[in-house]
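Commentary on secondary and tertiary structure
Each chain, letter by letter, is given below.
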Amino acid sequence: MDDTKRREEEQVMSNEDDSKGSICGYDSLHRLLKDNLKPHLFHEVSRLLTGLNCGKPLETIVLPELASTLSAKHGFDLQAFCFQADKELLREPRVVRVGLIQNSIALPTTAHFADQKKAIFDKLRPIIEAAGSSGVNILCLQEAWMMPFAFCTREKRWCEFAEPVDGESTEFLQFFALKYNMVIISPILERDINHGEVIWNTAVVIGNHGNVIGKHRKNHIPRVGDFNESTYYMEGNTGHPVFETAFGKIAINICYGRHHPLNWLAFGLNGAEIVFNPSATVGELSEPMWPIEARNAAIANSYFVASINRVGTETFPNAFTSGDGKPAHADFGHFYGSSHVSAPDSSCTPSLSRNRDGLLITDMDLNLCRQVKDRWGFRMTARYDMYADTLAHYVKPDFEPQIISDPLLHKKSL
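The structure reproduced in this document is the subject of the present report. Bear in mind that the values here come from a model prediction, so they are computed numbers and not experimental data.

**Focus on unusual backbone geometry**
In this structure, Cys 24 is a non-glycine residue whose phi angle is positive, near 55°. Within the fold, Cys 24 resides in the loop between α1 (3–16) and α2 (29–36). For Cys 24, a relative accessible area of 70% translates into the label exposed. Of note, Glu 197 is a non-glycine position whose phi angle comes to about 60°, a positive value. Tracing the sequence through the fold places Glu 197 in the loop between β5 (183–192) and β6 (198–206).

And the structure:
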């Protein structure tokens, strides 16, 4: 059997093996704990791990039968929760239904590129239908959803997947945006036709009328482990835009940007109520950070954060190295899914599966954002002028840290 055929079979087996990426046979930490702790113990552990929303555990949502039928037929994880806000006297509730889709690729990376993209479209169609039939207002897909996450191979042939903002992937999703009156965030590999076909890592925001509202390009590009993505694209040039949609003010902090607190801050300063974090990250590299960073951003900036990560192990035909001394390898590791939503009051949903495609649906009352701002006063008590002064000095070549040394620091003790 030649190497190409063998890798194809290994890829298919990897996608079909539901146990791959599980935690002791469970597809999420939440399910492991629920099945192995007594109810009263699980209640307390859950309270500490996922917090309380307005003083109570998150409630689940009953979805239409069609969504459940599609989930059972196509084997994707389906979960739904509701974030409440306190009742106000002068404002009506502002409830928005948000959907997050995580998925593995559909064909081996050795398949024809056109077949790979079509297979991903076909795979996502029933999941998007489940979201639309459930009344989702804003739907977000994972980073570079329309292709394998091939950037760290450093092979330029994967650039063939790049497409303009108004390209094939946008056209595919515009149909659903119109059909279901739904805003859709589509993170793609963008080819900028008007600027010499430069390539960007871009999120396209499609309005509920099927129009393209705008785009945001990834601000921070990783150079860690296998993720040396600057081979394909560099830091974005769109700033920190917030898109005012029919369902609220939204922003997109693409993948690696979640490691930069000032990136989260800037979206908040521009008025975001929901910040989406479409990602592609693997367990060995980042999983301990995954449930912490987004939740901290939601708390610190008084907005909702919706985190999406792809699923599965993607094996490539040619081995590559990371420059870290490790032997050459043909995959990045396991993309661990675990998509979830964090609220400004520190509560969060359980995560989707670590090893299956999934759709997470969440109702969120955006009134909670202002209520938390009023309660905690983070914006009021922040010292932006002082931070700005420090940053203005830091970026100068002659910057010196503000350090006050003990004059007796080097005095020998008697």
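From this point, things continue past the structure.
**Looking at the sheet that holds β6**
With mixed pairing, eight strands are arranged side by side in an open sheet as β1-β2-β17-β3-β4-β5-β6-β7. Looking at strand neighbours, the two that pair on one side only are β1 (59–60) and β7 (212–217), the edges of this open sheet. With five bridges joining them, β6 and β7 adopt antiparallel strand pairing. Looking at β7, one finds that Val 204 is bridged to Lys 215.

**Side note on the packing of aromatic side chains**
Applying the stated criterion to the full structure yields 23 aromatic pairs. Judged by centre distance (4.4 Å) and plane angle (15°), the ring pair of Phe 121 and Phe 172 falls under stacked. Taken together, the residues Phe 121 in helix α5 (residues 113–133) and Phe 172 in helix α6 (residues 168–180) connect sequence positions 51 residues apart. Summarising the burial analysis for this pair, Phe 121 and Phe 172 share the class buried. Three or more aromatic residues joined by ring pairs form one cluster here, namely Phe 113, Phe 149, Phe 151, Trp 158, Phe 161, Phe 227, Tyr 232, Tyr 233, Phe 316, Phe 320, Phe 332 and Phe 335. A cation over a ring is seen here: Arg 157 above Trp 158, with NZ or CZ 4.6 Å from the ring centre. Sitting above the plane of the Phe 335 ring, Arg 310 keeps its charged end 5.8 Å from the centroid.

**Topic: the pairing of strand β14 (residues 311–320)**
In terms of burial, β14 is a largely internal element, eight of the 10 residues being buried. Bridge count for β14 against strand β15 (residues 329–336) is five bridges, and the pairing is antiparallel. Following the sheet pairing, Gly 312 is matched in β15 by Phe 335.

Definitions and limits used
Residues numbered from 1 in each chain as written. Predicted model: local features only at pLDDT ≥ 70, side-chain atom pairs only at ≥ 80, totals over all residues. Heavy atoms only, no water. Helix = DSSP H or I, 4+ residues; strand = E, 2+ residues; numbered from the N terminus. Buried < 20%, exposed > 50% of the residue type's maximum accessible area, 1.4 Å probe, protein only. Pairing = 2+ DSSP bridges. Phe/Tyr/Trp six-rings, centres within 6.5 Å; stacked < 30°, edge-to-face > 60°. Lys NZ or Arg CZ within 6 Å of the ring centre and 35° of its normal.

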